[in-house]
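# Remarks on the overall topology
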Amino acid sequence: LCPPAMSRRVVRQSKFRHVFGQPVKADQMYEDIRVSKVTCDSSFCAVNPKFLAIIVESGGGGAFIVLPLAKTGRVDKNHPLVTGHTAPVLDIDWCPHNDNVIASASEDTTVMVWQIPDYVPVRNITEPVVTLEGHSKRVSIISWHPTARNVLLSAGCDNLVILWNVGTGEMLLVLDDMHTDLIYNVGWNRNGSLLVTTCKDKRVRIIDPRKQQVVAEKAKPHDGARPIRAIFVADGKIFTTGFSKMSERQLGLWDLKNFEEPIVLQEMDTSNGVLLPFYDADSSIVYLCGKGDSSIRYFEITDEAPYVHYLNTYSSKEPQRGMGFMPKRGLDVSKCEIARFFKLHERKCEPIVMTVPRKSDLFQDDLYPDTPGPEPALEADEWLSGKDAEPILISLRDGYVPIKNRELKVVKKNILDSKPPPGPRHSQSTCDPDFSRPALEEVLEEIRALKETVQAQEKRISDLENKLCQFTNGTD
């Protein structure tokens, strides 16, 4: 007779209860990278199934390095950089719909969008596809729209949030008069219909960007004075990290239907680094990485109390300077890998693999539901006109093979076709009325041809250099 013992189910059932983190072997790290020392709460690292990008130290101006994912080991000190900004780069973000396109935000008040070739270029990349100018102070946040093609968000120290159509280089929307102080972070919901922002005025705002209005707001979700972070999680709930009055780090879970009271608000520790949350919608796991911490804590979010379930902590000896988070389609499904982080040290980048232990070698479909793929669900103008669409999903059953640099023409075409029209608007007098449309098309065609020739030559030089390297390596 022991009903109390029978009813006491201590262990919660979850397939993610035994997730564990492991660093890769030393030869699979990226060594000799001078990671940026700029004081900024951005992650300093962006990664996709093809490339790893890291903001680096650079004398005079701002730069980041882009490495093919397979190029592990020691990085050549003369490896080309992306160097168009005139002041330090503060944030970088890969386009979710084109693995060869990356945006960068800088202290020089501009946002630049870059096309990265599949081959390693010979010289620094100095020419962006487009430069977006609209902020009056440094730009510390950029984020691509999750489902609409070419829509990019930027937020600056001028308290503005600007949405751009990268395909035309134009501003779509400017969200001003919403934030009274410095914006700490901005995040999209799953279909890109809403934004969540945190601000130095201690408010979390839910914004409908197309209506240009705040649809929900919470003052002081965390009482402390240090920065707050917020992200959307499943079912439109909001997950926040911040500090208590006693400077303890906290996490919170909030329901927009009742934004006044938290579903969960719990203390964690007394460390002073801002916690960067990374959310995996497929598994409902939130990973918390503090800048300056040497650990990654992870929690599962569910519909049953206590709602935020602590899973485990990955610990190491070295503190992290920044962190990259691989999209689901870049993971190795054959090894039951459910997340991969790219931890920045002072002089290297160390991948950390999160795995669910399974005995079977078969595809584990319960771990890998269909996940957002690289195809956009909407065009920029469709989204602007009020349409919403969920991400277009792909199966990972056979693994994901990155697409060759297919979008190069699309981005170029958009930019080139749409750049000439603003000319007359700026200065009517300098426009020659006899300069006909066909002549303009001819010039553009010539520019296209020249660019293609230059790229072909760069690739040829790069191939020859690689062959020469192999030749010299073989004769040493």
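The structure presented is a predicted model; accordingly, all values stated were derived computationally and were not measured.

### A few points about the environment of Lys-335
Along the chain, Lys-335 turns up in the loop between strand E28 (322-325) and strand E29 (337-344). Sequence-wise, Lys-335 and Val-356 are 21 residues apart; in three dimensions their C-alpha atoms are separated by 8.5 Å. Within polar-contact distance, the side chain of Lys-335 engages the side chain of Asp-332 at 3.2 Å.

### So, the UniProt feature "repeat: WD" (unreviewed entry) in the protein
As annotated by UniProt and renumbered to match this structure, "repeat: WD" (unreviewed entry) occupies residues 82-116, 132-174 and 176-217. As a span, residues 82-116 carries 0% helix and 63% strand, and end to end its C-alpha atoms are 9 Å apart.

### Considering the nonpolar core
Of all hydrophobic cores here, the largest spans 37 residues; its most connected members are Ile-33, Leu-52, Ile-54, Phe-64, Ile-116 and Phe-342. For this core, the secondary-structure elements that each account for two or more residues are strand E3 (45-47), strand E4 (51-56), strand E5 (62-68), strand E8 (89-94), strand E10 (110-115) and E29. If you look at the next biggest cluster of nonpolar residues, it comprises 25 residues, including Phe-278, Ile-296, Phe-363 and Tyr-368.

### Quick word on the packing of aromatic side chains
Scanning the model with the defined rule gives 13 aromatic pairs in all. Ring centres of Phe-278 and Phe-325 lie 5.4 Å apart, and the angle between their planes is 45 degrees; on these two criteria the pair is classed as tilted. You can see Phe-278 sitting in strand E24 (residues 275-280) and its partner Phe-325 sitting in strand E28, a full 47 residues away along the chain. What makes Phe-278 buried here is its relative accessible area of 13%.

### Digging into the sheet that holds strand E7 (residues 81-85)
Strands pair in a sheet through their backbones, by hydrogen bonds, and they do so in one of two ways: parallel or antiparallel. The strand order across the open sheet formed by 4 strands is E3-E4-E5-E7, and the pairing between neighbours is antiparallel. Only two strands of the sheet have a single partner each, and these edge strands are E3 and E7. Pairwise comparison of adjacent strand axes, ignoring direction, gives a mean angle of 20 degrees for this sheet. Relative to E4, E3 runs antiparallel, the two sharing 3 bridges. Considered in E4, the bridge of Cys-45 is made with Ile-54.

### A word on the pattern of salt bridges
Here the structure, examined in full by the defined rule, presents 24 salt bridges. Its salt-bridge partner being Glu-217, residue Arg-203 comes within 3.7 Å of it at the nearest N-O pair. One end of the pair, Arg-203, is in strand E18 (residues 203-208); the other, Glu-217, is in strand E19 (residues 213-219), and 14 residues separate them in sequence. Note that Lys-328 and Asp-282 form a salt bridge whose closest N and O atoms lie 3.7 Å from each other. Taken as a pair, Lys-328 in the loop between E28 and E29 and Asp-282 in the loop between E24 and strand E25 (285-290) lie far apart in primary sequence, 46 residues in all. Among the residues examined, Lys-328 registers a relative accessible area of 9% and is labelled buried.

### A word on the pairing of strand E16 (residues 183-188)
E16 sits mainly inside the fold: 6 of its 6 residues count as buried. Sheet topology note: the E16/strand E17 (residues 195-199) ladder contains 5 bridges and is antiparallel. When the bridges of E17 are listed, Gly-187 appears paired with Val-196. Joining the antiparallel neighbours E16 and E17 is a turn of 6 residues, in which Gly-192 adopts a positive phi near 75 degrees.

### Description of the sheet that holds strand E23 (residues 264-269)
Judged by pairing direction, the sheet is antiparallel, and its 4 strands sit side by side in the order E20-E21-E22-E23 without closing on themselves. In this open sheet, the two edge strands, each paired with only one partner strand, are strand E20 (229-232) and E23. With direction set aside, neighbouring strand axes in the sheet form an average angle of 15 degrees. Looking at chain direction, E20 and strand E21 (residues 238-243) are connected through 4 bridges and run antiparallel.

### Some details on the state of the cysteines
Across all of its chains, the model carries 0 disulfides by this definition. Cys-40 takes part in no disulfide bond, and the closest cysteine sulfur, belonging to Cys-157, lies 8.1 Å away.

### Side note on the pairing of strand E14 (residues 161-165)
The element E14 is extensively covered by neighbouring structure, given that 5 of its 5 residues are classed as buried. Across the two faces of E14 the burial is the same, with Val-161, Leu-163 and Asn-165 and Ile-162 and Trp-164 all buried. Where strand E13 (residues 151-156) meets E14, 5 bridges bridge the pair, whose relative direction is antiparallel. Considered in E14, the bridge of Ser-154 is made with Ile-162. Taking the residues that link successive antiparallel strands as the turn, the E13-E14 hairpin has 4 residues, and the phi of Asn-159 there is positive, at about 65 degrees. Inspection of the sheet shows E14 paired to strand E15 (residues 170-175) by 5 bridges, in the antiparallel sense.

Conventions and cut-offs
Note that residues are indexed from 1 along each chain, following the sequence as it is written. Totals for whole chains, interfaces and linings use all residues, but because this is a predicted model, local features are given only for residues with pLDDT of at least 70 and pairs of side-chain atoms are given and counted only at 80 or more. Based on all heavy atoms of the structure, the side-chain values leave hydrogens and waters out of the count. Numbering of helices and strands runs from the N terminus, with a helix taken as a DSSP run of H or I at least four residues long and a strand as a DSSP run of E at least two residues long. The term polar contact refers here to a pair of N or O atoms within 3.5 Å; inside protein, the definition further demands a hydrogen-donor-capable atom paired with an acceptor-capable atom, and it admits residues adjacent in sequence only when both atoms are side-chain atoms. UniProt positions are given in the numbering used here, feature names are shortened, and annotations may be inferred rather than shown by experiment. Only buried residues count toward a nonpolar core, which is a set of Ala, Val, Leu, Ile, Met, Phe, Trp, Tyr and Cys residues joined through side-chain atoms within 4.5 Å. Only protein chains enter the area calculation, which uses a 1.4 Å probe; residues under 20% of their type maximum are buried, those over 50% are exposed, and those in between are partly exposed. Under the pairing criterion, centres of Phe, Tyr and Trp rings, with the six-membered ring standing for Trp, must be within 6.5 Å; the plane angle then separates stacked pairs below 30 degrees from edge-to-face pairs above 60, leaving the rest tilted. Strand pairing requires that DSSP identify at least two bridges connecting the strands. Comment: axis = line fitted to C-alpha atoms, over the contacting stretch for helices; angle = value between 0 and 180 degrees taken between N-to-C directions. By convention in these notes, a salt bridge is any Lys or Arg side-chain nitrogen within 4 Å of a carboxyl oxygen on Asp or Glu. Any cysteine sulfur atom paired with another within 2.5 Å is treated as part of a disulfide.

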